[in-house]
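Working through the structure, step by step
One letter stands for each residue in the lines below.
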Amino acid sequence: MSLLTGFLGIVGIVSFIAFFFLMRYKASSKQTDRPNRIKWSSYIPYRQTDTGREKANKGSEQDADFKG
């Protein structure tokens with residue numbers, strides 16, 4: 001095992017422990033309930049639209065033709 005491999009292993013373990021240690025902290029209500037929050041739903045579509053479902057169904061029907 002080289003020195004670089006050992007160093008990266010130690011950094012990975014420390015970051016893993018820090019991640020789980022910091023997971024228990026939550027943002028305060030002052031941060032989460034502010035009036036000027038970014039509306040991420042306008043940038044990231046969280047729900048699939050009807051046309052998206054139709055495209056997904058068409059794809060599954062086409063796949064079924066090849067299985068038979």
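Located above this text is the structure these notes cover.
A quick note: this is a predicted structure, and the numbers were derived from the prediction, not measured.

Reading guide: rules and limits
Residues numbered from 1 in each chain as written. Predicted model: local features only at pLDDT ≥ 70, side-chain atom pairs only at ≥ 80, totals over all residues. Heavy atoms only, no water. Helix = DSSP H or I, 4+ residues; strand = E, 2+ residues; numbered from the N terminus. Patch = residues over 30% accessible without salt bridge, like charges linked within 9 Å, V, L, I, M, F, W, Y side chains within 5 Å. Areas by Shrake-Rupley, 256 points an atom, 1.4 Å probe, with all protein chains shown as cover. Salt bridge = Lys/Arg side-chain N within 4 Å of Asp/Glu carboxyl O. Buried < 20%, exposed > 50% of the residue type's maximum accessible area, 1.4 Å probe, protein only. Phe/Tyr/Trp six-rings, centres within 6.5 Å; stacked < 30°, edge-to-face > 60°. Expected span 1.5 Å × (residues − 1).

1. Digging into the overall build of the protein
Each helix and strand counted, the protein has 3 helices and 0 strands in total. Shown N-terminal to C-terminal, the secondary structure of the protein runs as helices and strands in the order α-α-α.

2. Some words on a nonpolar patch on the surface
On the surface, I13, F16, I17, F19, F20 and M23 cluster together into a nonpolar patch covering about 680 Å² of accessible area. Within the secondary structure, I13 is located in helix 1 (residues 3-22). Here I13 falls in the exposed class, since its relative accessible area comes to 54%.

3. A closer look at the packing of aromatic side chains
The final tally for this structure, using the stated rule, is 3 aromatic pairs. A ring pair is formed by F21 and Y25, whose centres lie 6.0 Å apart and whose planes are at 75°; its orientation type is edge-to-face. F21 gets classed as partly exposed once you look at its relative accessible area, which sits at 41%. Judged by its relative accessible area of 53%, Y25 falls in the exposed class. One aromatic cluster in this structure is built from F16, F19 and F20.

4. Some details on helix 1
With 20 residues, helix 1 should reach 28 Å at 1.5 Å per residue; the first-to-last C-alpha distance of 28 Å fits that figure. Burial analysis of helix 1 places just 1 of its 20 residues in the buried class, which makes it a mostly uncovered element.

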